[in-house]
Amino acid sequence: MYYIGETRTLTTKSQCDGIHVIINDTISGEQIDLSPERWKVFRTQLPNISAAVNEQKEYQFVKYLQEIGDDWYVSVTNGFFTVDIRQFYKSKDGRLISSWNGIALRTIEWDNLTKCAPILDLNPLAFNVYDEGDQSYQYKDREPEFHVLAERQKSFWCVDQEYCTYKNWQLY
């Protein structure tokens, strides 16, 4: 489990169709599951999404909406400093409407996710992999881009050293 924000975690999960990327909110229980196909499309759109986030930070007009597969979309719009990853459906009259299924990442969480993405692409097993058939977790050697920290006797990865220092978590 890797904290990309105060309550948001990034995990990978091994399933029969490949490694799924899971983003979870530990408080609300909101969760998205990016299948290997959705992750691939999501990764190709990462530069465009980051550009939209940067425009948003500069208070420019932004209306970005991109499908990543199976009626899941990534959106960045004015007024909300978030990257919304959400499932949509089509209404009877053909309009695209967002569902409750999804998660909105704050900009710091987005920045931390973009730092994780290259590592995940190179070695998905660098992350905490949960296998549905096996109830145990596997921890791999840490990558130099991450800092391992401990809180309440749990070990997990921290992407942002400044955030870890702010939270007074001990870095290893």
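Residues numbered from 1 in each chain as written. Predicted model: local features only at pLDDT ≥ 70, side-chain atom pairs only at ≥ 80, totals over all residues. Heavy atoms only, no water.

### A short note on a negative patch on the surface
Taken together, the side chains of Asp17, Glu37, Glu67, Asp70 and Asp71 define an acidic patch exposed on the protein surface. Turning to its location among the elements, Glu37 is positioned in helix α1 (residues 36–57). (Patch = residues over 30% accessible without salt bridge, like charges linked within 9 Å, V, L, I, M, F, W, Y side chains within 5 Å. Areas by Shrake-Rupley, 256 points an atom, 1.4 Å probe, with all protein chains shown as cover. Salt bridge = Lys/Arg side-chain N within 4 Å of Asp/Glu carboxyl O. Lys, Arg positive; Asp, Glu negative; His and termini not counted. Charge placed at Lys NZ, Arg CZ, Asp CG, Glu CD. Helix = DSSP H or I, 4+ residues; strand = E, 2+ residues; numbered from the N terminus.)

### Quick look at the environment of Arg86
Positionally, Arg86 belongs in strand β7 (residues 82–90). Taking the relative accessible area as the measure of exposure, Arg86 reaches 13% and is therefore buried. Distance in space between the C-alpha atoms of Arg86 and Ile32 is 8.0 Å, their sequence separation being 54 residues. Setting aside anything within four residues of it in sequence, one finds Arg86 in contact with Asp71, Trp72, Tyr73, Ser98, Ser99, Trp100, Asn101, Gly102, Ile103 and Ala104. Side-chain polar atoms of Arg86 contact the backbone oxygen of Ser99, separated by 3.4 Å. (Buried < 20%, exposed > 50% of the residue type's maximum accessible area, 1.4 Å probe, protein only. Contact = heavy atoms within 4.5 Å. Polar contact = N/O pair within 3.5 Å; in protein donor to acceptor, adjacent residues only side chain to side chain.)

### With respect to the packing of aromatic side chains
The description of two aromatic rings rests on the distance between their centres and on the angle between their planes. Taken as a whole and assessed by the stated rule, the structure comprises 4 aromatic pairs. Ring geometry for Tyr73 against Phe88: centres 5.0 Å apart, planes inclined by 65°, an arrangement best described as edge-to-face. Residue Tyr73 is found in strand β6 (residues 72–77), and its partner Phe88 is found in strand β7; the two are separated by 15 residues along the sequence. The pair formed by Tyr73 and Phe88 is uniform in burial state, with each residue classed as buried. Among the aromatic side chains, those forming a connected cluster through ring pairs are Trp39, Phe42 and Trp110. (Phe/Tyr/Trp six-rings, centres within 6.5 Å; stacked < 30°, edge-to-face > 60°.)

### Section: the nonpolar core
Counting 28 residues, the largest nonpolar core has Leu10, Ile23, Phe42, Ile49, Ile85 and Trp110 as its most contacted members. Considering each element in turn, this core owes the most residues, 6 residues, to α1. (Core = buried A, V, L, I, M, F, W, Y, C linked by side-chain atoms within 4.5 Å.)

### Some words on the confidence of the model for the chain
Confidence along the chain averages 79 in pLDDT terms, with 72% of residues attaining 70 or more. Note that residues 131–160 has pLDDT below 50 and, in this model, 71 contacts with residues that lie over four places away or in other chains. Within the model, the stretch residues 168–172 combines pLDDT values under 50 with 18 contacts to residues more than four positions away or in other chains. (pLDDT = per-residue confidence, 0-100.)

### So, the sheet that holds β6
Taken in spatial order, the 4 strands make up an open sheet running β5-β6-β7-β8, and their pairing is antiparallel. With partners counted over all chains shown, the strands left at the sheet margins are β5 (63–69) and β8 (96–106), one partner each. Looking at each pair of strands side by side, their axes are set apart by 25° on average, direction ignored. Sheet analysis places β5 next to β6, joined by 6 bridges and oriented antiparallel. Paired with Gly69 across the bridge in β6 is Trp72. Where α1 meets the sheet, it contacts β5, β6 and β7, and its direction lies at approximately 170° from that of β5. Across the sheet, helix α2 (residues 107–122) touches β7 and β8, and the angle it forms with β8 is around 80°. (Pairing = 2+ DSSP bridges. Axes fitted to C-alpha atoms, helices over the stretch in contact; angles between N-to-C directions.)

### What about unusual backbone geometry?
Leave glycine aside and you will find that most residues have negative phi; peptide bonds, for their part, are mostly trans. The phi dihedral of Asp70 is positive, around 55°, even though this residue is not glycine. Residue placement: Asp70 occurs in the loop between β5 and β6. Although it is not a glycine, Asp71 adopts a positive phi angle of roughly 65°. Positionally, Asp71 belongs in the loop between β5 and β6.

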